[in-house]
Amino acid sequence: MALATAQHAAERPDELALCDQRTELTWAQADGLLNRAVNGLLALELGPERRVAVFAENSVETVLAHVAGLYAGASVVPVNFHLTAAEAAYILENSRATVVFTGPENAERAAAAAAQAGIGRVIAWRGDGTWEEFLAAAPVAEPPTDLTPLANLLYTSGTTGVPKGTPLPPNMFAAGDTIAEHVEALKGQPLTMFGPQLAVGPLYHTGPLFGVRAFAAGSTLAVLGRFDPEEVLAAIERWQIKITVMVPTHFIRLLELPEEVKAKYDLSSMILVVHTGSACPIDVKRGMIEWWGPVLVEAYGGSEAGTVTFIDSHQWLERPGSVGRAIPPFEAVVVDEAGAVVPPGTEGRLYFRDSTGRGVLYHDDPAKTRSAHLEPGVFTLGEIGYVDDEGFVYITDRFSDMVVSGGVNLYPAEAEKVLFEHPAVIDAACVGVPHPEMVEQLKALVVSRDPALTEDALIAFCRERLSHYKCPRGIEFVPELPRTAMGKLNKRELRAPYWRDQA
């Protein structure tokens, strides 16, 4: 059975298949490159778990590497392109990847990370020629389609200071015993059915990766680099985009555009904008619906579980602030501190019951898997909230330490670990505080033994040792941090003063 890209190459070879701001590929061109990339991977020894890492900024080649890995029966590991070489090396080693694809922006870090992880094969495009050599050495013939498809292994920052891997969950990974069956199943997923798509977020995030899977299923995909709001509008008009995935920070920056810029572009092709990543301020979401129409849908969930609740624009306008009803196979469950289920309308810890019994899984970390569950199949994403009488879920706070800044999950433990390495730091805690564009950002509360230590110096110290996006954006020096006799901090209590004036 021919895959979707091959079918399109045969039936409409000259139509646009894949593009970024630098390159446009027809279906015939994209299929030829994919065939070579897949055959090239099949000629390599990928190891027992067949893991292939993609450590690259958004581009046509990044998409091709992801899809080639899928078609070759490999488990693709998207690696955050902001990471330092040491941080990336941990993921490469932990995932047991055997090949690294990378681009010119971080090829040097990719090579260093691969060396640290003991990986000998780094394939870079628009750099040392290894991508071009890799493709040229492989046959252009259609590869086999009877291989077994493998899910992505996604990494999120870790509560204990190191990233945690989680396999792409079943509700996001299409069924099928072979690649051919898998692609046919992909065609039936809602986000692959509507035509040209736009990837505006980085392709190491779960949301934008929907666009990659849509391309594998035969949907035209346009890919943008670092987010620029006007370029998004121009891309929608230029390529007649119908669907995209965005986070609230994207909405905020789009709404900040001058009215004359907003009016320049025809956005009438848009039929669906999936909002995910973090809570969206009510006025921001209302503003986007007023501008783009009722095309916004919110998908709340996480990399570990996929989408667990869903709400469309009409439902949200009737219930501002809700993240929707739980969708099969999930059921929302709110419990008190003792784990007892509370009545509708009562705030508590938010869990989800997975009727399949799977819950969530963390790669090589049974302890973290257990800690996420109230009981087998009943898991949490770390939020506090309530469910109304009609089953609509509302998020009110977070009981996990996680901070969601611009749709990116940050775990304070990573920054705290670095802060404690500074010789002047006696104690430190990082919390999420409100931010007008990123919704929240990481702030450090620090007890210092050196009165001359400055905020700028301590942030610079962190940035020398950690990816900039993981570092605190502000530091407040305090005389002490309230700890229990067991040394525990109540992060919710530390956050509270900063959020009192928030709606």
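Residues numbered from 1 in each chain as written. Predicted model: local features only at pLDDT ≥ 70, side-chain atom pairs only at ≥ 80, totals over all residues. Heavy atoms only, no water.

S.K.: So what exactly am I meant to see when it comes to the packing of aromatic side chains here?
M.R.: Geometry of an aromatic ring pair is reported as the spacing of the ring centres plus the angle between the planes. Taken as a whole, this structure holds twelve aromatic pairs when the rule is applied. Between the aromatic rings of Phe81 and Tyr204, the centroid separation amounts to 5.2 Å while the plane-to-plane angle is 75°, which identifies the pairing as edge-to-face. Placement of the pair is Phe81 in the loop between β4 (75-78) and α4 (85-95) and Tyr204 in the loop between β9 (197-199) and α8 (206-216), with a sequence separation of 123 residues. The same class applies to Phe81 and to Tyr204, which are both buried. Centre to centre, the rings of Trp291 and Trp292 are 5.6 Å apart; their planes meet at 70°, and the pair counts as edge-to-face. A relative accessible area of 11% places Trp292 in the buried class. Within the aromatic cluster, the residues linked to one another by ring pairs are Phe101, Trp125, Trp131 and Phe134. Sitting above the plane of the Phe461 ring, Arg465 keeps its charged end 3.6 Å from the centroid. (Phe/Tyr/Trp six-rings, centres within 6.5 Å; stacked < 30°, edge-to-face > 60°. Helix = DSSP H or I, 4+ residues; strand = E, 2+ residues; numbered from the N terminus. Buried < 20%, exposed > 50% of the residue type's maximum accessible area, 1.4 Å probe, protein only. Lys NZ or Arg CZ within 6 Å of the ring centre and 35° of its normal.)

S.K.: Help me understand the pattern of salt bridges in this model?
M.R.: Opposite charge on two side chains makes pairing possible when the charged atoms of those side chains draw close. In this structure the tally under the stated criterion is 25 salt bridges. Across the pair Glu259 and Lys262 runs a salt bridge whose closest N-O atoms are separated by 3.2 Å. Residue Glu259 and its partner Lys262 are both found in helix α11 (residues 259-262); the two are separated by three residues, about one turn of the helix. Connected via shared salt-bridge partners are Asp20, Arg22, Glu61 and Arg126. (Salt bridge = Lys/Arg side-chain N within 4 Å of Asp/Glu carboxyl O.)

S.K.: Explain the sheet that holds strand β6 (residues 121-124) to me, please; I cannot follow it from the model alone.
M.R.: Backbone-to-backbone hydrogen bonds join strands into a sheet, with any given pair of strands oriented parallel or antiparallel. Strands sit in the order β4-β3-β5-β6 across an open sheet of four strands; the sheet is parallel. The open sheet is flanked by β4 and β6, the only strands paired with a single partner. Taking the axes of each pair of neighbouring strands and ignoring which way they run, one obtains an average angle of 25° across the sheet. In this structure, strand β5 (residues 97-102) lies alongside β6, joined through four bridges in parallel fashion. Its bridge partner lying in β6, Val100 is registered against Val122. Of the strands in this sheet, β3 (51-55), β4 and β5 are in contact with helix α3 (residues 60-71), which crosses β4 at around 150°. (Pairing = 2+ DSSP bridges. Axes fitted to C-alpha atoms, helices over the stretch in contact; angles between N-to-C directions. Contact = heavy atoms within 4.5 Å.)

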